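# Observations on the three-dimensional arrangement
Residues per chain are reported as follows:
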There are 2 protein chains.
Amino acid sequence: MSHSSRSRLRMQTASLPPTPSDGTRRRILETALQLFATRGYHDTSIRDLAKALELQPSALYAHFPSKEHVLAELVRIGHEAHHEALALALKEAGTTDPAEQVRALVRVHTRLHALHPQLALVVNEEFYALTPEMAAPALALRTQSTLLLAEVIERGIAQQRFSPPHPRATAAAISAMGVRLPYWYELDNGLDVDTLADVHAELALRMLGVRERK
Amino acid sequence: MSHSSRSRLRMQTASLPPTPSDGTRRRILETALQLFATRGYHDTSIRDLAKALELQPSALYAHFPSKEHVLAELVRIGHEAHHEALALALKEAGTTDPAEQVRALVRVHTRLHALHPQLALVVNEEFYALTPEMAAPALALRTQSTLLLAEVIERGIAQQRFSPPHPRATAAAISAMGVRLPYWYELDNGLDVDTLADVHAELALRMLGVRERK
DNA sequence: GTCTATAATGCGATAGAC
DNA sequence: GTCTATCGCATTATAGAC
């Protein structure tokens, strides 16, 4: 860490999805998430992390073999939670109507990024700090999640319910709305998460050429 | 820099907008842009930069007082080029029709991010590595650029030509399309820049509730 | 599983010659 | 404006006691 007050995200208690994990390991992940999100992975040292945890640096190595393994675990948790949430949303939508499926996917994508901004930031910005080998599991999940949306869009097009100007670019634009949330959206600022999720779902359907529903 | 082959952007000759600048200083900026975009600011050392330039580390200090000043200059150039391009596009649109103004803004925003992906990445991801004092000029430009789009949208709403579900979230979504381009878009991949710019303009107008133009 | 102590290396930046 | 050489300090990680 360096000397200034610069930071890319307001300091706040890190919100990590529930995981089956013992106490200290979990504390390390939560604290690392907070620091990595605020200052970045490369600008956060093992010493910074240990100090925030009120531990000696060497104590961390009883829980993770390296700093990179801490990041890799956060990135894995983030991608896993994201993919599971998307798959569950599709399943619970209980419909084969592509518009409703897009709505379900976008709503949960937005909710996740709005409610876990630190994890979203670390997953998306520090992903590339991992060696390809350590990033591989997350990358596989990322590909699957991207496919979930792409396939729903393709189905909607095949059924002539969607008419995006360019399917791939439109899918990217829909995803980008959520991914960029940590940079501007803050809770308790007059726009609650559910409203935002509805707004994003509406924007996605407009991009796909679906007229206003009743 | 570290030992692995990890990188967040394919290595390629860095594309920096033309600036009035003498030879070595310009070479430093171009090389730093390439390295910062590929590996990140904190993971690129003065030694890495010097080696890529075939200079000794100390030679850099004849051109920039610190590593942070190199980044600050790149961030400043990026924000300046962006804001100038947006303002020029608005002016050259030669109309007060909000839809045409949004089209002009989105087209140039997209072109810039597609044609200068490294600069876009560094500007957006490494911005927060700067001390607040060094980031201030860029931040001011960023605020102005955001306002350009927000004001056009507000005017379109006042004239009842636009009906976004939420003006602020919609403006953010429109901007996000461009900002996320470096992560997926590649030239010479079957989708040329002008087509992409048109697609984004169309998506923006759909989000704003403007029906297809003839 | 946490501690003290330290190894081995890399970092940003500077001094001073040319 | 570039070089050689180096300062002072931070870095990740390990050794070994408890």
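Preceding this paragraph is the structure being described.
## Quick word on the interface of chain A and chain B
Across the contact, 40 residues belong to chain A and 40 residues belong to chain B. In terms of surface lost to chain B, no three residues of chain A exceed Arg6, Tyr128 and Arg206 of chain A, which account for 19% of the buried area on that side. Linking chain A with chain B are 0 salt bridges. Applying the counting criterion to the chain A and chain B interface returns 4 residue pairs in polar contact (both at pLDDT 80 or more). Elements with a contribution of two residues or more to the side of chain A that touches chain B: α5 (117–125), α7 (167–179) and α8 (193–207) of chain A. Counting residues per element, the side of chain A that touches chain B draws most heavily on α7 of chain A, at 8 residues. Of the residues contributing to the side of chain A that touches chain B, the split by class is 20 nonpolar, 10 polar and 10 charged.

## Things to note about unusual backbone geometry
Residue and element names in this part refer to chain A. Positive phi is not limited to glycine here, since Gln160 has a value of about 55°. Along the chain, Gln160 falls in the loop between α6 (132–158) and α7. With relative accessibility at 74%, the residue Gln160 sits in the exposed group.

## Let's talk about the side chain of Thr44 of chain B
Topologically, Thr44 of chain B is positioned in the loop between α1 (23–39) and α2 (46–53). In terms of polar contacts, Thr44 of chain B uses its side chain to reach the backbone carbonyl oxygen of Leu35 of chain B, at 3.5 Å.

## What about the protein's contact with DNA strand D?
By nearness alone, 16 residues border DNA strand D, and Ile46 and Arg47 of chain A together with Gln56, Ser58 and His63 of chain B come closest of all. What you see for DNA strand D is that sugar and phosphate hold 49% of its atoms within 4 Å of the protein. In this structure, Arg47 of chain A approaches DNA strand D through a side-chain N or O atom, which is 3.3 Å from a base oxygen. At 3.2 Å, a side-chain N or O of Tyr61 of chain A approaches a phosphate oxygen of DNA strand D. Going through the elements one at a time, α2 (46–53) of chain A together with α3 (57–60) of chain B are the ones with two or more residues in the surface near DNA strand D. Split into classes, the residues belonging to the surface near DNA strand D amount to 6 nonpolar, 8 polar and 2 charged.

## Describing the packing of aromatic side chains
In this structure the tally under the stated criterion is 7 aromatic pairs over all chains. Put simply, the rings of Phe127 and Tyr128 of chain A together with Tyr183 of chain B touch in pairs and so form one group of aromatic residues. The ring of Tyr41 of chain B carries Lys67 of chain B above its face, with NZ or CZ at 4.5 Å from the centroid.

## Topic: the relation of the copies chain A and chain B
Relative to chain B, chain A is turned by 180° and slid 0.0 Å along the rotation axis, the superposed coordinates differing by an RMSD of 0.0 Å. What the rotation and shift describe, once combined, is the action of a two-fold rotation axis.

## Structural notes on the protein's contact with DNA strand C
The environment of DNA strand C is formed by 16 residues, the closest being Gln56, Ser58 and His63 of chain A together with Ile46 and Lys67 of chain B. A breakdown of the atoms of DNA strand C within 4 Å of the protein gives sugar and phosphate a share of 49%. Interatomic distance of 3.5 Å between a side-chain N/O atom of Ser45 of chain B and a phosphate oxygen of DNA strand C. Residues of the surface near DNA strand C, tallied by class, amount to 6 nonpolar, 8 polar and 2 charged.

## With respect to the packing of α1 of chain B against helix α4 (residues 67–93) of chain B
Residues and elements named next belong to chain B. With their axes 10 Å apart at the nearest point, α1 and α4 run at an angle of 85° to one another. Accordingly, the angle class assigned to the pair α1 and α4 is roughly perpendicular. Listed contacts from α4 to Arg25, Leu29, Ala32, Leu33 and Phe36 of α1 are Val70, Leu71, Glu73, Leu74 and Ile77. Of the residues belonging to the contact of α1 with α4, the class tally is 8 nonpolar, no polar and 2 charged.

Thresholds, definitions, all that
- Residues numbered from 1 in each chain as written.
- Chains lettered and ligands numbered in written order.
- Predicted model: local features only at pLDDT ≥ 70, side-chain atom pairs only at ≥ 80, totals over all residues.
- Heavy atoms only, no water.
- Contact = heavy atoms within 4.5 Å.
- Buried area = accessible area lost by both parts, 1.4 Å probe.
- Salt bridge = Lys/Arg side-chain N within 4 Å of Asp/Glu carboxyl O.
- Polar contact = N/O pair within 3.5 Å; in protein donor to acceptor, adjacent residues only side chain to side chain.
- Helix = DSSP H or I, 4+ residues; strand = E, 2+ residues; numbered from the N terminus.
- Nonpolar A, V, L, I, M, F, W, Y, C, P; charged D, E, K, R; others polar.
- Buried < 20%, exposed > 50% of the residue type's maximum accessible area, 1.4 Å probe, protein only.
- Near = heavy atom within 4 Å.
- Phe/Tyr/Trp six-rings, centres within 6.5 Å; stacked < 30°, edge-to-face > 60°.
- Lys NZ or Arg CZ within 6 Å of the ring centre and 35° of its normal.
- Least-squares fit on C-alpha atoms with pLDDT ≥ 70 in both.
- Axes fitted to C-alpha atoms, helices over the stretch in contact; angles between N-to-C directions.
- Parallel < 35°, antiparallel > 145°, perpendicular 65-115°, else oblique.

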